Amino acid sequence: SQQGEEDPQALSIQEGENATMNCSYKTSINNLQWYRQNSGRGLVHLILIRSNEREKHSGRLRVTLDTSKKSSSLLITASRAADTASYFCATDANSGYSTLTFGKGTMLLVSP
Amino acid sequence: DTAVSQTPKYLVTQMGNDKSIKCEQNLGHDTMYWYKQDSKKFLKIMFSYNNKELIINETVPNRFSPKSPDKAHLNLHINSLELGDSAVYFCASSQGGAQHFGDGTRLSIL
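Remember, it's a predicted structure, so these values are computed and weren't measured experimentally. (Residues numbered from 1 in each chain as written. Chains lettered and ligands numbered in written order. Predicted model: local features only at pLDDT ≥ 70, side-chain atom pairs only at ≥ 80, totals over all residues. Heavy atoms only, no water.)

### Observations concerning the side chain of Thr106 of chain A
Residues and elements named next belong to chain A. Condition: Comment: elements are numbered from the N terminus, with helices defined as DSSP H or I runs of at least four residues and strands as E runs of at least two. The cut-offs for exposure are 20% and 50% of the maximum accessible area for each residue type, with area from a 1.4 Å probe on protein chains only; residues under the lower value are buried, those over the upper are exposed, and the others partly exposed. In protein, a polar contact requires one atom able to donate a hydrogen and another able to accept it; more generally it is a pair of N or O atoms within 3.5 Å, and residues adjacent in sequence count only if both atoms are side-chain atoms. Contacts are assigned to residue pairs that have any heavy atoms within 4.5 Å of one another.
By the secondary structure assignment, Thr106 is in strand E11 (residues 106–111). With a relative accessible area of 0%, Thr106 lands in the buried category. Side-chain polar atoms of Thr106 contact the backbone oxygen of Pro8, separated by 2.5 Å. Apart from the residues within four sequence positions on either side, Thr106 is in contact with Glu6, Asp7, Pro8, Gln9, Ala10, Leu11, Met21, Ala85, Ser86 and Tyr87.

### Here's the deal with the side chain of Gln25 of chain B
All names here are of chain B. With respect to the helices, strands and loops of the structure, Gln25 is situated in strand E3 (residues 19–25). On the basis of relative accessible area, Gln25 is assigned to the buried category, the value being 3%. A distance of 2.8 Å separates a polar side-chain atom of Gln25 from the backbone oxygen of His29. Once residues within four sequence positions are removed from consideration, Gln25 is found in contact with Ala3, Val4, Met32, Lys71, Ala72 and Ser93.

### Things to note about the interface of chain A and chain B
Many structure descriptions define interface size as the accessible area lost when the parts assemble. Convention followed: Defined in terms of a 1.4 Å probe, buried area is the accessible area two parts forfeit on being brought together, summed over both. Here, a salt bridge means any side-chain nitrogen of Lys or Arg that lies within 4 Å of a carboxyl oxygen of Asp or Glu.
The interface of chain A with chain B comprises 21 residues on the first partner and 20 residues on the second. A buried area of about 1,700 Å², summed over both sides, lies between chain A and chain B, and 55% of it is on carbon and sulfur atoms. Contact with chain B buries surface across chain A, with Tyr97, Ser98 and Phe102 of chain A losing the most and accounting together for 28% of the total. Scanning the region where chain A abuts chain B turns up one salt bridge. Taken together, the links from chain A to chain B amount to nine residue pairs in polar contact (both at pLDDT 80 or more). When contributions to the side of chain A that touches chain B are tallied by element, the ones reaching two or more residues are strand E4 (31–37), strand E5 (43–50), strand E9 (85–92) and strand E10 (100–102) of chain A.

### With respect to the packing of aromatic side chains
Formally: The pairing test for Phe, Tyr and Trp rings, Trp by its six-membered ring, is centres within 6.5 Å, and the orientation test on the planes gives stacked under 30 degrees, edge-to-face over 60, and tilted for anything in between.
With the rule as written, the count across this model stands at nine aromatic pairs over all chains. Here the aromatic cluster, defined as three or more aromatic residues joined through ring pairs, consists of Tyr35, Phe88 and Phe102 of chain A together with Tyr33, Tyr35, Phe90 and Phe101 of chain B.

Next up, the structure:
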């Protein structure tokens, strides 16, 4: 069953601007992950944030997690045309082997 | 060296046929997965194997049968293909945490 819901469904920005995507989920989680999917390709793991963490950074990416609101956000700073892709959040309820439930994704278009 | 590779990349076939998709990972991961991504890009887990043992079997028609000959391979066989099976099928692997995905097999049923 679907767990995450991303918002917005689509986002169009100019190069250099920041992009923020949100994800809400319904049940308890062990961790939450963000993935990127370029057109015609597989998903690429971006960042994992555990349920006891509130914020995590990786390069131009910043992820926050609010377990009380069951929500997460992904911020991409100083966006580039190469960031154009679909972005998915996925929740993992397990602490052992990974079992992900994906949201519907946000399609990000970054124009030069 | 591709970490998770699946073949074929494209598969076009007639309704009623039987087809297989192969997946191999060279990451040494214990767990492998099959996902189906529909035309709206919604990604849904179908099966998961951990060390050749089936651990997740979602509500998938029994026309779909996974097979893991060893922990580096997870194949998907589909019998009696139907129009609704048209989708992109992704294989993935994991050692807990992040999952690594192949580039997908686009299945089109005529």
